[in-house]
Amino acid sequence: MSIELRVTSFEKHSAVQGAAWCGGLLLRVATVVSAIWLSACASLNPAANFPTTEAQVAASQPGAPVLDIQSWQTAEGAKVLFVASDALPMLDIRLVMDAGSARDGDQAGLASMTSALLGEGTKGLNVDDIARGFEDRGAEFSSSSYRDMGVISLRTLSDPEFREPVLDLFGKVIGTPSFPEEALARIRTQMMQGLRMEKQVPGPQVNKAFMATLYEGHPYGIASDGTLESLPAIQRKQLEQFYESYYAAGNAVIAMVGAVSREQAEAIAAQISAALPAGEAAPTLARATPLQSRKREHITFPSAQTSILIGNQSTWRGNPDHVALYVGNMVLGGGGFASILTDEVRQKRGYVYGIGSGFSAMASGGPFRVSFQTANENADQALSLTLQLVEQFIQQGPTDSQLEEARTSILGGFALGTADNSDIIGQLGAIGFYDLPLDYLQQFSQQVRAVGAEEIRQAFQRALNADNLAIVSIGPKAPEIVPVDEAPGSELAAVADEAGRGKE
């Protein structure tokens, strides 16, 4: 998923004004957490649980995260996912709406601006009142917007003394936003200033050009943050209409994790759902169509480095090849220093400081993307070598040893994805929004263990054609595709040597 995080201004206010009060609160929370941790340690028997022989270490496998996810629907149609957790005396709530920039229509930036103005005012309360209302009770509120979704987050103490007044305020903020004109003007100015600053750096420009190239004519292709032309035209009435249409209860997922009972969770979800506008789920967007031939875009920019993105629209949420693509990408470019791209392009040739690749499974079609920056004099070789490595991987897939290393890395780090409430709430929001099965995490873990090298090779061939990859760059001049210089000891050199011996 693309990340276009928006933080409401009162969060910054909270960070400063609430620092002193929160100090005492954090001390109380830390005391409770320490007591829980010490209690947990006292109940452990390390000698019984920790592997102490080579055979035990080999036999031990990272446990698949198991979450007891409970789900139901509110009377207004909101989907609820809840995990009870008394690890901390906290409650995390995340509302996920189909309200991302893909719903902007012909008004680029509308979703981002609507999200940014939530929390700026409600009936009878201005931004300062709202900020104090949350921070005086140790609560955190934020809103953000992405291409697929609009997100509203709340963290509060689970003790009813603090939780109940926070939830009352939360209901007002999300249920009756006033979109004050002065806040609209202020945030519009901030967003436009941000766009002007983006013109001074290459990264944001090449990223926007990449999405526009891959998704020309599709809602994913518009600028999520708007443009200098579109933002001034957005009026308060349009924000209200967008909010009424896409922040409706029937278009919402309510994810909750924390120290409350199922009965309390049902009451909280009902309270939140009733506060939202009545309405149905947004209509499904058409799936984006992958490029059928190579496209080149270059932005001339006076920089010492050339930034290059390579990719195509290649996957989507629910793609049966998702696990194979995910695991294969860990071998190709998603595994950091263990990946092929880093080893060949950075370590052996020194063309780049960093290079990576990834699949982003979005609702209506997500991209495969390789990104790197390189010195201008190395741009031709870095681009050509990267294209050659990607094509080679599509044709050959991973070796068994590469696959095993990637599998171990994924499974070893997967548990960290559900290590605390903030991680779990993110997983719940995604599971609910993309209508994934409640045991998705367990299924994913099992599929990672089972996927084979041949499945990965076939999945890559279904998802990608090296000849159709878009190349989008920014720098003094467009990089060219040239014959690749083969470094001694590289995989490409080994392949060439093998081919040469075959000819002899």
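Okay, so let's go over this structure. All figures in this text were calculated on a predicted structure; none of them were measured in a lab. Within each chain, residue numbers correspond to sequence positions counted from 1 in written order. In view of the model being predicted, local features appear only for residues whose pLDDT reaches at least 70, and side-chain atom pairs are presented and counted only at 80 or more, with totals across whole chains, interfaces and linings using the full set of residues. As a convention, hydrogens and water are excluded, and side-chain values are obtained from all of the structure's heavy atoms.

## Section: the pattern of salt bridges
A side-chain nitrogen of Lys or Arg and a carboxyl oxygen of Asp or Glu constitute a salt bridge if their distance falls within 4 Å. Enumeration over the complete set of coordinates arrives at 15 salt bridges. As a salt-bridge pair, Asp-129 and Arg-132 come within 3.0 Å of each other at their nearest N and O atoms. In this pair, Asp-129 and Arg-132 are both assigned in helix H6 (residues 127–135), three residues apart and thus about one turn of the helix distant. The partner of Asp-321 in a salt bridge is Arg-462, and the shortest N-O contact between them spans 2.8 Å. Of this pair, Asp-321 sits in the loop between strand S10 (305–315) and helix H12 (322–334) while Arg-462 sits in helix H18 (residues 453–463), and the two are 141 residues apart along the sequence. Within the structure, one salt-bridge network assembled from shared partners comprises Asp-343, Glu-344, Lys-348 and Arg-349. Only DSSP runs of H or I reaching four residues or more are called helices, and only runs of E reaching two or more are called strands; each is numbered from the N terminus.

## Considering the sheet that holds strand S13 (residues 470–475)
Backbone-to-backbone hydrogen bonds pair the strands of a sheet. The strands run either parallel or antiparallel. Paired strands are those between which DSSP finds at least two bridges. Spatial ordering of the open sheet is given by S9-S13-S10-S12-S11, a layout of five strands whose pairing is mixed. Each end of this open sheet is capped by a strand with a single partner; those strands are strand S9 (296–300) and strand S11 (352–359). Strand-to-strand, the axes of this sheet are offset by a mean angle of 10 degrees, without reference to chain direction. Throughout, a contact is declared for two residues whenever any of their heavy atoms are within 4.5 Å. With axes taken as lines fitted to C-alpha atoms, and helix axes fitted only over the stretch in contact, angles between N-to-C directions fall between 0 and 180 degrees. Against the sheet, helix H13 (residues 340–348) makes contact with S11 and strand S12 (366–375), and its axis sits at roughly 155 degrees relative to S11, the strand it touches most.

## Looking at the pairing of strand S6 (residues 140–145)
Alignment of S6 against strand S7 (residues 150–157), held across six bridges, turns out to be antiparallel. Its bridge partner being in S7, Ser-145 is matched across the sheet by Gly-150. Counting the residues that bridge the hairpin from S6 to S7 gives four residues.

## A short note on the nonpolar core
Among the buried residues, those of types Ala, Val, Leu, Ile, Met, Phe, Trp, Tyr and Cys that are joined through side-chain atoms within 4.5 Å form a nonpolar core. Classification of residues uses two cut-offs on accessible area relative to the type maximum, computed with a 1.4 Å probe and protein chains only: under 20% is buried, over 50% is exposed, and between them is partly exposed. Ranked by internal contacts, the top residues of the largest apolar core, which has 66 residues, are Val-327 and Phe-460. Ranked by size, the runner-up nonpolar core spans 52 residues in total, among them Val-80, Ile-130, Met-256 and Ala-265.

## Comments concerning unusual backbone geometry
One can expect most non-glycine residues to show negative phi and most peptide bonds to be in trans. Phi at Phe-179 is positive, roughly 45 degrees, even though this residue is not glycine. Looking at the secondary structure, you find Phe-179 in the loop between helix H7 (160–175) and helix H8 (181–198). Its identity is not glycine, yet Asp-435 carries a phi of approximately 55 degrees, on the positive side.

## Concerning the sheet that holds S7
In spatial order, the strands read S1-S2-S8-S3-S7-S6; together these six strands make up an open sheet with mixed pairing. In this open sheet, the two edge strands, each paired with only one partner strand, are strand S1 (70–73) and S6. Each strand axis lies, on average, 15 degrees off the axis of its neighbour in the sheet, ignoring direction.

## Quick look at the side chain of Ser-307
Structurally, Ser-307 can be placed in strand S10. If we skip the residues at most four places from it in the chain, Ser-307 touches Pro-202, Val-206, Phe-372, Gln-373, Val-472, Ser-473 and Ile-474.

## Brief notes about the packing of aromatic side chains
Any Phe, Tyr or Trp ring, taking Trp's six-membered ring, that has another such ring centre within 6.5 Å forms a pair; planes under 30 degrees apart are called stacked, those over 60 apart edge-to-face, and the others tilted. Taken as a whole, this structure holds 13 aromatic pairs when the rule is applied. Where Tyr-326 meets Phe-444, the ring centres are 5.3 Å apart and the plane angle is 75 degrees; that geometry is what we call edge-to-face. Here Tyr-326, found in helix H12, pairs with Phe-444, found in helix H17 (residues 440–450); they are 118 residues apart in sequence, far enough to count as distant. The exposure class of Phe-444 is buried, given its relative accessible area of 6%. Look at Tyr-440 and Phe-444: their rings are 6.0 Å apart centre to centre, the planes differ by 45 degrees, and that puts the pair in the tilted class. Of this pair, Tyr-440 and Phe-444 are both found in helix H17, four residues apart, which corresponds to roughly one turn of the helix. By way of ring pairs, the aromatic residues Phe-359, Phe-368, Phe-393 and Phe-460 are connected into one cluster. Charges are assigned to positions over rings by a cutoff of 6 Å between ring centre and Lys NZ or Arg CZ, combined with an angular limit of 35 degrees from the ring normal. Here Arg-287 stacks its cationic end above the ring of Trp-316, 4.2 Å away from the centre of that ring. Here Arg-346 stacks its cationic end above the ring of Tyr-353, 5.2 Å away from the centre of that ring.

## Regarding a negative patch on the surface
Taken together, the side chains of Asp-159, Glu-161, Glu-164 and Asp-168 make up a negatively charged region of the molecular surface. Within the fold, Glu-164 resides in helix H7. Only residues whose relative accessible area exceeds 30% and that form no salt bridge enter a patch; like-charged residues are grouped when within 9 Å of one another, and nonpolar side chains (Val, Leu, Ile, Met, Phe, Trp, Tyr) when within 5 Å. Only the protein chains shown count as covering a residue, and every accessible area follows the Shrake-Rupley method with a 1.4 Å probe. Lys and Arg are tallied as positive, Asp and Glu as negative. Neither His nor the chain termini are counted. Lys charges are placed at NZ, Arg charges at CZ, Asp charges at CG and Glu charges at CD.

## What about the packing of H12 against helix H15 (residues 400–414)?
The interhelical angle for the contact between H12 and H15, taken along N-to-C directions, is 110 degrees, at an axis separation of 9 Å. On the basis of their axis angle, the class for H12 and H15 is roughly perpendicular. From H12, Tyr-326, Val-327, Met-330 and Val-331 reach across to H15, where they touch Gln-402, Leu-403, Ala-406, Ser-409 and Ile-410. Side-chain classes are defined by residue name, with Ala, Val, Leu, Ile, Met, Phe, Trp, Tyr, Cys and Pro counting as nonpolar, Asp, Glu, Lys and Arg as charged, and the others, Gly among them, as polar. Across the contact of H12 with H15, the residue classes break down as seven nonpolar, two polar and no charged. In what follows, roughly perpendicular refers to angles from 65 to 115 degrees, roughly parallel to angles under 35, roughly antiparallel to angles over 145, and oblique to any angle outside these ranges.

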